[in-house]
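The primary structure of each chain is shown beneath.
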Amino acid sequence: MVAVDRGRYTVDLAGRQLLAMRARELGRRGVVVGDRVALVGDLSGAAGSLARIVRIEERESVLMRTADDDESTPEGRVERVVVANADQLVIVSALADPPPRTGFIDRCLVAAYDAEIDPLLCLTKADLAGPDEILSYYADLDLPFVLTRPDADLAPLVEELAGRISVLVGHSGVGKSTLVNRLVPDADRRVGEVSAIGKGRHTSTSAVALPLPDAAAQLVGAAPSQRSSAGWIIDTPGISSFGLAHVSADSLLHGFPDLVQASVNCPPNCDHTGSAGDCGLDALVAAGGADPRRLASFRRLLASRSGEN
Ligand SMILES: Nc1nc2c(ncn2[C@@H]2O[C@H](COP(=O)(O)OP(=O)(O)OP(=O)(O)O)[C@@H](O)[C@H]2O)c(=O)[nH]1
Ligand SMILES: [Mg+2]
């Protein structure tokens, strides 16, 4: 399923796009972008035709975030599946306008490791500011990254995306849709002015999956159905926060691979807050084995998370 709009689902069937609705058999199960689904009914794709989604296949991955901005549920927050079946999380962060926020990137990394999706850091607007500061913060991680700017070609990014299902996440205005438009020439995603973070002005309002063009296949005029092996890219609306209330405290630490090994030196049942004075993570930083800013970020996340519960 590649897009949903007011209860109508667009499903890609070997390169053809069909419109479908949910069948009653699905019960309350939600269909999200990236889901592989079984269809019945009118599969002609003719104008006005409507197929029915009767089954959702088992998901290979589920990227979730807790939306704490939703007051409509008794708990005041809901867990949302962002996309299904993605195998790469592209964390899109502008180097300026809006400035990068490591706290947000760290949260995305936790979500990626938790969902067993490979992270890729994509730093946009390299024409406006340099990457040194942000890269030094992640120096102890084997975190792959690419830099993009309007006047340079996207070959390094294209290489990372080839053959994979990649989902772009990031704040509003960082340039996700701009990238998608450059990668998929007929994508036609609307791009907007950068608005102040948190003002809630988002240009993209729903997630859309697009097949990446395969340069070679296009040259020989292959049908779109033969193109999807080049990979998929999923554009998503900008988010101001990546809520992690659904992730256990233990899993949080796995989002910090530069710190996690040191926890073997922690006393049993260590809460890693450092309040008891014997946390192995403090010893690691004291010995120069990790960046103190990383430990501070982990602890901020831990503290905000306990506030979420
Ligand atoms: N200088 C510069 N501007 C860029 C770059 N990439 C994108 N922009 C601009 O940034 C603005 C926002 O880009 P969008 O692609 O709409 O951002 P988005 O991440 O899709 O935003 P939402 O859909 O709201 O989440 C547009 O004015 C783009 O032209 C870049 O590499 N350099
Ligand atoms: Mg957008």
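Use the structure listed above.
Keep in mind that this is a model prediction, so the values were computed, not measured.

Parameters and conventions
- Residues numbered from 1 in each chain as written.
- Chains lettered and ligands numbered in written order.
- Predicted model: local features only at pLDDT ≥ 70, side-chain atom pairs only at ≥ 80, totals over all residues.
- Heavy atoms only, no water.
- Helix = DSSP H or I, 4+ residues; strand = E, 2+ residues; numbered from the N terminus.
- Buried < 20%, exposed > 50% of the residue type's maximum accessible area, 1.4 Å probe, protein only.
- Contact = heavy atoms within 4.5 Å.
- Areas by Shrake-Rupley, 256 points an atom, 1.4 Å probe, with all protein chains shown as cover.
- Near = heavy atom within 4 Å.
- Polar contact = N/O pair within 3.5 Å; in protein donor to acceptor, adjacent residues only side chain to side chain.
- Expected span 1.5 Å × (residues − 1).
- Pairing = 2+ DSSP bridges.
- Right-handed = clockwise from strand over helix to strand, strands pointing away.
- Core = buried A, V, L, I, M, F, W, Y, C linked by side-chain atoms within 4.5 Å.
- Phe/Tyr/Trp six-rings, centres within 6.5 Å; stacked < 30°, edge-to-face > 60°.

Comments concerning the overall build of the protein
For the protein, the count of helices and strands is nine helices and 13 strands. Looking at the protein as a whole, 47% of its 309 residues qualify as buried. Looking at the protein alone, contacts between residues at least 24 apart form 66% of all its contacts between residues at least 6 apart. Surface summary for the protein: the accessible area is close to 15,300 Å², and the carbon and sulfur share equals 50%.

Quick word on the site of ligand 1
Of all residues adjacent to ligand 1, which total 21 residues, the nearest are Asp127, Ser172, Lys176, Thr178 and Gly238. Taking Thr178, its side chain carries an N or O atom lying 2.6 Å from an oxygen atom of ligand 1. Here Gly238 contributes a backbone N or O atom positioned 2.8 Å from an oxygen atom of ligand 1. For ligand 1, the protein covers 84% of the area, taking 670 Å² as the surface of the free molecule.

Here we look at helix 1 (residues 102–115)
For helix 1, built from 14 residues, the straight-helix expectation of 20 Å at 1.5 Å per residue is met to within 8% by its first-to-last C-alpha distance of 20 Å. In terms of burial, helix 1 is largely enclosed, as 10 of its 14 residues are buried. Those residues of helix 1 that fall on the buried side of the exposure criterion are Phe104, Ile105, Asp106, Arg107, Cys108, Leu109, Val110, Ala111, Ala112 and Ala115. Glu116 occupies a position one or two residues after helix 1 and carries a positive phi of about 55°.

Details of the pairing of strand 9 (residues 118–124)
With six of seven residues buried, strand 9 is to be regarded as a mostly interior element. In this structure, strand 8 (residues 88–94) lies alongside strand 9, joined through seven bridges in parallel fashion. Across the sheet, residue Val92 finds its bridge partner in strand 9, namely Cys122. Handedness of the strand 8-helix 1-strand 9 crossover: right-handed. Where strand 9 lies against strand 10 (residues 145–147), three bridges are found, and the strand directions are parallel. Pairing of Leu121 across the sheet is with Phe145, part of strand 10. The handedness of the strand 9 to strand 10 crossover, carried by helix 2 (residues 132–137), is right-handed.

Focus: the nonpolar core
Ranked by internal contacts, the top residues of the largest apolar core, which has 65 residues, are Ile53, Leu63, Leu89, Tyr138 and Phe298. Tallying contributions element by element places helix 1 first for this core, with eight residues. Discounting chain neighbours no more than four positions away, the residues touching Tyr138 are Thr102, Ile105, Asp106, Leu109, Leu121, Leu143 and Arg294. Counting residues in hydrophobic clusters, the runner-up holds 22 residues, among them Leu120, Leu157, Val180 and Leu212.

Quick word on the packing of aromatic side chains
Summed over all chains, the structure comprises two aromatic pairs. Look at Tyr137 and Tyr138: their rings are 4.6 Å apart centre to centre, the planes differ by 90°, and that puts the pair in the edge-to-face class. Summarising the burial analysis for this pair, Tyr137 and Tyr138 share the class buried. Between the aromatic rings of Phe256 and Phe298, the centroid separation amounts to 5.4 Å while the plane-to-plane angle is 70°, which identifies the pairing as edge-to-face. Of this pair, Phe256 sits in the loop between helix 6 (249–254) and helix 7 (257–260) while Phe298 sits in helix 9 (residues 292–308), and the two are 42 residues apart along the sequence. Judged on exposure class, the residue Phe256 and its partner Phe298 are both buried.

Describing the environment of Ala207
On the secondary structure map, Ala207 appears in the loop between helix 4 (176–183) and strand 12 (208–211). Put simply, Ala207 and Asp235 are 28 residues apart on the chain and 5.5 Å apart in space, counted from C-alpha to C-alpha. Setting aside residues no more than four positions away along its own chain, Ala207 makes contact with Val2, Ala3, Val33, Ile234, Asp235, Thr236 and Pro237.

So, the environment of Ser93
Here Ser93 lies in strand 8. Sequence separation between Ser93 and Leu147 is 54 residues, and the spatial gap between their C-alpha atoms is 9.8 Å. In contact with Ser93, not counting residues within four places along its chain, are Pro100, Ile105, Cys122, Leu123, Thr124 and Val174.

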